[in-house]
Amino acid sequence: MIKIASTAMRYHADNPHLDGFYADIDELHLQPLWEMRGLLTPNPKVSAVPHVWGSAELRKAAERSGQLVPIDRGGDRRVLALSNPGLGGKPFISSTLWAAVQFLQPGELAPAHRHTPSALRFVLDGGGVYTLIDGDPIVMERGDLVLTPAWTFHEHHNPSDQSMMWLDVLDLPIVAALDAVFFEEGPSAEADQSVAPQSLSEQRYGQGPGLVPTGVSQISHDRAFSPLTVYRWADTDAALNALLEADASGHAELRFRDPSRDRDVMPTLRCEMRRISPGVATPVDRQTGTRVCAVLNGSGSVTLGREVYSLTAGDIFVVPSWCIHQLQATTTMDVFTTSDAPVLEALELFRRSEVPA
């Protein structure tokens, strides 16, 4: 039997017999629960801290990376990961989610690959880029939500004359914690240059609320993610306007759903959009799990814990688990949010509550 040196905490006791016992079980890679503290806590013990990444700084850093870093470096992508200051240098925005900004310059393409972590793209700025999801071309424009489900080949092309930046969010830390990360490069042949005005997923599933095709292959219909892989800003904008007209609160919130079933767009990521009228504040709330938020339009502020942060279009912020959270708009403000709530709900660990102001 191979003997591996113990790296666990070595417990000690004043009683020499007990101390000897602790030394013996240390060699066996055993630890005494009665000596442990902090495993079970009255409230979640969260390492990630609230943080806001400003749009101007993000854009400047992205443009600088474009000048310095070719697209064939860094795993085929020019990506700047948002590293939470509370996680000791890990490239994660929280212990469960990865978030980053991806930057693609005119004429560039990011070649095909696939991985078991699921991803989404929310376009913060620019347009003209298209992505292929298992060969289905999807044009990406400002405000669009694009899904990249687990183990689908995807590549990004920019045939336009302007650069483009978008938010990436992945469930990478969750998949890594489960020891289930796989990665595979795409075919070495020349990348697919095809593009279409409307993706196949939109032609089938994007025709309107409650309208889904019949006779579609059960292979695609039974997947765990939405068969509609892009949600257009024009549709989201119209839905938010309609909700505001129907409710005098000055605050509208909607959730992106799988059009073929009543479920989230992906099994690990929930996506929502809020519109807040000028002078309106949302209820103060907190929930388990991480929320990653991006301001698409407008300005205002967000309260995270005891701190208040100013917000403007393009800012990205993180709401750690069980952190007090409230938005207030100065001008009409649109805020995109993605979270790991589906995972917590599946495990019956999701909690949400409103907090008295």
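Quick notes on the rules
Residues numbered from 1 in each chain as written. Predicted model: local features only at pLDDT ≥ 70, side-chain atom pairs only at ≥ 80, totals over all residues. Heavy atoms only, no water. Pairing = 2+ DSSP bridges. Helix = DSSP H or I, 4+ residues; strand = E, 2+ residues; numbered from the N terminus. Axes fitted to C-alpha atoms, helices over the stretch in contact; angles between N-to-C directions. Polar contact = N/O pair within 3.5 Å; in protein donor to acceptor, adjacent residues only side chain to side chain. Contact = heavy atoms within 4.5 Å. Core = buried A, V, L, I, M, F, W, Y, C linked by side-chain atoms within 4.5 Å. Buried < 20%, exposed > 50% of the residue type's maximum accessible area, 1.4 Å probe, protein only. Patch = residues over 30% accessible without salt bridge, like charges linked within 9 Å, V, L, I, M, F, W, Y side chains within 5 Å. Areas by Shrake-Rupley, 256 points an atom, 1.4 Å probe, with all protein chains shown as cover. Salt bridge = Lys/Arg side-chain N within 4 Å of Asp/Glu carboxyl O. Expected span 1.5 Å × (residues − 1). Arc of directions from axis to C-beta. Phe/Tyr/Trp six-rings, centres within 6.5 Å; stacked < 30°, edge-to-face > 60°.

Per an unreviewed UniProt entry, the recorded name for the protein chain is Cupin domain-containing protein, and the organism is Gordonia rubripertincta.

The strand order across the open sheet built from 5 strands is E7-E6-E9-E4-E11, with neighbouring strands paired in antiparallel fashion. Edge positions in the sheet fall to strand E7 (136-141) and strand E11 (183-185), since each has one partner strand and no second. On average, adjacent strands in this sheet sit at an angle of 25 degrees to one another, irrespective of strand direction. Strand direction decides the pairing type here: strand E4 (residues 109-115) and strand E9 (residues 154-157), joined by 3 bridges, are antiparallel. Within E9, the position partnered with Leu109 by the bridge is His157.

The next subject is the side chain of Thr229. Topologically, Thr229 is positioned in the loop between helix H5 (218-221) and strand E12 (230-231). Polar side-chain contacts of Thr229 include one of 3.0 Å to the side chain of Ser201. Look past the residues within four positions of Thr229 in its chain and what remains in contact with it is Ile138, Leu145, Val146, Leu147 and Ser201.

This paragraph deals with the nonpolar core. One finds Leu120, Phe122, Leu145, Phe256, Met273 and Ile316 to be the most contacted residues of the largest nonpolar core, which totals 37 residues. Formed by 15 residues, the second largest nonpolar core is a distinct cluster that contains Leu304, Leu311, Cys323 and Met333.

Time to look at a nonpolar patch on the surface. Residues Leu18, Phe21 and Trp34 make up a contiguous nonpolar surface patch of about 310 Å² in total accessible area. Positionally, Leu18 belongs in helix H1 (residues 16-27).

Here H1 spans 17 Å end to end across 12 residues, near enough to the 16 Å set by a 1.5 Å rise per residue. Those residues of H1 lying buried are Asp19, Tyr22, Ile25 and Asp26. Buried residues of H1 fall within an arc of 125 degrees about the axis and therefore sit on the same side. In H1, the exposed positions that point more than 90 degrees away from the buried face belong to Pro16, His17 and Asp24. Residue Asn15 occupies the N-cap position of H1, its side-chain oxygen lying 2.8 Å from the main-chain nitrogen of His17. Residue His29 follows H1 closely and has a positive phi angle near 60 degrees.

Here the focus is unusual backbone geometry. Look at Trp151: it is not a glycine, yet its phi comes out positive at around 65 degrees. Structurally, the position occupied by Trp151 is in the loop between strand E8 (145-148) and E9. For Asp179, which is not glycine, the phi torsion reads 55 degrees and is therefore positive. Its location among the elements puts Asp179 in the loop between helix H3 (172-177) and E11. A residue is classified by how much of its surface remains accessible, and Asp179, at 72% relative accessible area, is exposed.

Once that is clear, we can look at the packing of aromatic side chains. This structure, assessed with the given rule, holds 6 aromatic pairs. Their ring planes at 45 degrees and their centres at 6.2 Å tell us that Phe21 and Tyr22 sit as a pair that is tilted. Classification of Phe21 as partly exposed rests on a relative accessible area of 37%. Residue classification places Tyr22 among the buried residues on the basis of a relative accessible area of 2%. Ring geometry for Tyr231 and Phe256: centres 5.5 Å apart, planes at 80 degrees, overall edge-to-face. With a gap of 25 residues between them, Tyr231 in strand E12 and Phe256 in the loop between strand E13 (251-255) and strand E14 (270-276) connect regions that are remote in the sequence. Phe256 carries the same exposure label as Tyr231, and that label is buried. Aromatic rings pair up to connect Tyr11, Phe21, Tyr22 and Trp34 into one cluster.

The subject of this paragraph is the pairing of E7. As paired elements, strand E6 (residues 127-133) and E7 share 6 bridges and run antiparallel to each other. Residue Tyr130 lies in a different strand from E7, and its bridge partner there is Val139. Connecting the antiparallel pair E6 and E7 is a turn made up of 2 residues, with Asp134 showing a positive phi of about 50 degrees.

With respect to topology, 6 strands assemble into an open sheet ordered E1-E19-E16-E21-E14-E13, the strand pairing being antiparallel. Of all strands in the sheet, those with a lone pairing partner are strand E1 (51-53) and E13, marking the two edges. Averaged over all pairs of adjacent strands, the angle between strand axes in this sheet comes to 20 degrees, irrespective of strand direction. Sheet topology note: the E14/strand E21 (residues 333-339) ladder contains 7 bridges and is antiparallel. Bridging from a neighbouring strand, Glu272 pairs with Thr337 of E21.

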